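Descriptive analysis of the structure
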Amino acid sequence: RRGRLPLPPGPKGLPLIGNLLDFPAKFQWLTFDKWHEQYGDIVYLNLAGQSLVILGSPEATSAFFDQKSGVYSDRPRFVMVNELIGWEEFNVASYPYGNAWRELRRVFHQQYHSGVIPRYYPIFRRHAHRLLRNLLAQPKDIEHHLLHTASAIILDTMYGIDVVDRDDPYVTIADKAMEAIVEAANPGSFLVDSFPALKYVPSWFPGAEFQRKAIRWKALMKDMLNKPFQVVKDGMQQGRAMSSIAATMLQEVSPDDEEHGEYVIKAVGAASYAAGSDTTSATTQVFALAMAMHPEVQARAQAELDAVVGPNRLPDFDDRPNLPYVNAIVRELARWLPVVPLAVPHAASEDDEVRGYFIPKGTIILGNTWSILRDPVRYPDPDQFKPERFLTKDGKLATDVQDPSIAAFGYGRRICPGRHFSDGSVYSLVSCMLATFSISPPIGEDGAPIKITAEMSAGAVLRPARVDYIVKPRSDAAVELIRNTAYDA
Ligand code: HEM
């Protein structure tokens, strides 16, 4: 160890396997939260030789990810998902820190920085209105509609593909590939991640089921990359491509660099879907849960919308500055149940020292978003959904309460490049739903509303467990408004 510096504190492990048995199988952030109370905001674990550091405060994440961004912007490598399936080749979120990552980040920035988001307002609006029509037609299927809407927004933005239902072939292709990627990335599921030399075992070898799975899953991933892209390419050749990020980028590809240019477009499309679809739908599902659990919040937001927007139209982007309570709801959604509670792991690209602790090269570094956004000092009563925490006494958005985007979208140079896009789409969906529908808990056999709690299910992202909400239009005027959106469409 450099200069005999100590490692950060953490639970004492066993010889050889270290803290492997301490490592929680599910909802890790809750256990990590307790460890922060015991050991402080930098906690160290040794997982059978793999160092892991968990950061539980904005000061700690800043000390690593901002102040030492040159060291802590790398990603850990997972053989199954990244090498054998080849996901690393296309997923900018798994790229090692280096020039290939920089090139794709630049493209992401060009397409998704805050200044270009108004370009996507017509797409957000169209899909928010379609969501309202779907809710009116099948109110019981709200969870399905929210999932579907998030996928549809990305496919429309990226490829100009107009997805009409969840059974749409392009959504099915992308979802199958995502299921495979999530299964492949599940920590501890594949021995080859712990013993990388196993990657040389041929697929016909007895017991090499992981190789056969990798071949099948790679084919799914290739479909996800190629099929929607081909729609745009064919459409352009036939002069009927809809405007989209892929179409714009394709026009700019130089004939001398066609292969690489097309590869960049496919990579931006795949990472946008992978990183943007589930996260956005989980956030809107958290919204449904919060509204059903807190009728008083829903009523206050609706009163604000009624006063500012009135009954004769739907809320739009121009209204946003005049809707502080609705904006506070969007912030509180990101804080209350962050859908990526441990962000995406970073890795140390060299031996380093932070706050007098030794951090070995290759250490996996996790920003514990959950603990940061549940800090009772910054956010008193942190388990409660309270949008008003973000408002001043005279009802304006407060500037002295930490915006949850310091953690909800990750950290440092790897911070989510889609955060402004998702902010726009979530605002549009949430404000339109609030203006026209009430969401309430299901009614029990005794005729009283069933008490629902914030129960979550963890997969690729954290999302609320299924609840049979009652979704009702607020008035006849709201029904009329929703029906009229069909003419605009
Ligand atoms: C509510 C919605 C979203 C949430 C909560 C979210 C959250 C995150 C988080 C926590 C990270 C990891 C950052 C880190 O490593 O420290 C991330 C990365 C990323 N996100 Fe998002 N995201 C959302 C929506 C989107 C959208 C809509 C897009 C694209 C259109 C997107 C594209 C990406 C990409 C490409 C990365 C990888 C960045 C890199 O490794 O350099 N995300 N996101």
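Just so you know, these numbers come straight off a predicted model, no measurement behind them.

This paragraph deals with the overall build of the protein chain. Looking only at helices and strands, the protein chain features 17 helices and ten strands. Taking 2.2 N^0.38 as the reference for a compact globule, 489 residues should give roughly 23 Å; the C-alpha atoms of the protein chain span a radius of gyration of 23 Å, in line with that estimate. Taking the principal axes of the C-alpha coordinates as reference, the protein chain spans close to 70 × 60 × 45 Å. By residue count, 43% of the 489 residues in the protein chain fall in the buried class. Put simply, of all contacts in the protein chain between residues at least 6 apart along the chain, 73% involve residues at least 24 apart.

On the UniProt side, "binding site: heme" (unreviewed entry) is annotated at positions that read Cys416 here. Residue position: Cys416 is located in the loop between helix 15 (369–373) and helix 16 (419–436). In this structure Cys416 comes out as buried when scored by C-beta crowding, with 22 C-beta atoms within 10 Å. Residues in contact with Cys416, not counting those within four places in the same chain, are Phe409 and Gly410.

What follows deals with the confidence of the model for the protein chain. Confidence in the prediction of the protein chain, expressed as mean pLDDT, is 92, and 98% of residues score 70 or more. Prediction confidence for the complex, expressed as pTM and ipTM, is 0.94 and 0.99 respectively.

With that settled, the discussion passes to the site of the ligand. The ligand sits among 28 residues. The nearest are Ala275, Gly276, Gly410, Cys416 and Gly418. Of all the secondary structure elements, the ones that give two or more residues to the shell around the ligand are helix 5 (99–112), helix 12 (258–293) and helix 16. The dominant element in the shell around the ligand, judged by the number of residues it contributes, is helix 12, at seven residues. Residues of the shell around the ligand, tallied by class, amount to 17 nonpolar, nine polar and two charged.

What the four strands build is an open sheet, ordered 1-2-6-3; its pairing is mixed. Both outer strands of the open sheet, strand 1 (42–47) and strand 3 (346–347), are each paired with one neighbouring strand and no more. As defined by bridge partners, strand 1 adjoins strand 2 (residues 50–55) across six bridges and the pair is classed as antiparallel. Of the residues in strand 2, the one forming a bridge with Ile42 is Leu55.

A few words now on helix 6 (residues 121–137). Here helix 6 contains 17 residues, and its C-alpha end-to-end distance of 24 Å stays within 8% of the 24 Å for a straight helix at 1.5 Å per residue. Those residues of helix 6 not exposed but buried are Ile123, Phe124, His127, Ala128, His129, Arg130, Leu131, Leu132 and Leu135.

This next bit is on the nonpolar core. Grouped together as the largest cluster of nonpolar side chains are 137 residues, with contacts concentrated most on Met80, Ile85, Ile181, Ala290 and Val430. Here this core takes 17 residues from helix 12, the largest share from any one element. Those residues in contact with Ile85, other than ones at most four positions away along the chain, are Met80, Ile181, Ala184, Ala214, Trp217, Lys218 and Met221.

With 13 residues, helix 14 (residues 324–336) should cover 18 Å at 1.5 Å per step; its first-to-last C-alpha distance of 18 Å lies within 8% of that length. The buried fraction of helix 14 amounts to 13 of the 13 residues, a majority that puts the element mostly inside the structure.

How each quantity is defined
Sequence order as written defines residue numbering, which begins from 1 separately in each chain. Only residues with pLDDT of at least 70 are given local features in this predicted model, and only at 80 or more are side-chain atom pairs given and counted; all residues enter the totals for whole chains, interfaces and linings. Numbering of helices and strands starts at the N terminus; helices are DSSP runs of H or I of at least 4 residues and strands are runs of E of at least 2. In this description the radius of gyration comes from C-alpha coordinates, and the expected globular size is given by 2.2 Å times residues to the power 0.38. Burial is judged by counting the other C-beta atoms within 10 Å of a residue's own C-beta: 20 or more makes it buried, 12 or fewer makes it exposed, and any count in between marks it as partly exposed, with every C-beta position built from the backbone. Working definition of a contact: two residues with C-beta atoms, positioned from the backbone, lying within 7 Å. UniProt positions are given in the numbering used here, feature names are shortened, and annotations may be inferred rather than shown by experiment. The predictor's confidence in any single residue is recorded as pLDDT, a number from 0 to 100. Any residue qualifies as near a molecule or strand once its backbone-derived C-beta atom lies within 6 Å of it. Under the grouping applied here, Gly and all other residues not named as nonpolar or charged are polar, the nonpolar ones being Ala, Val, Leu, Ile, Met, Phe, Trp, Tyr, Cys and Pro and the charged ones Asp, Glu, Lys and Arg. What makes two strands pair is DSSP finding at least two bridges between them. Residue count minus one, scaled by 1.5 Å, sets the expected span of a helix. A set of buried Ala, Val, Leu, Ile, Met, Phe, Trp, Tyr and Cys residues, joined to one another through C-beta atoms within 7 Å, is what we call a nonpolar core.

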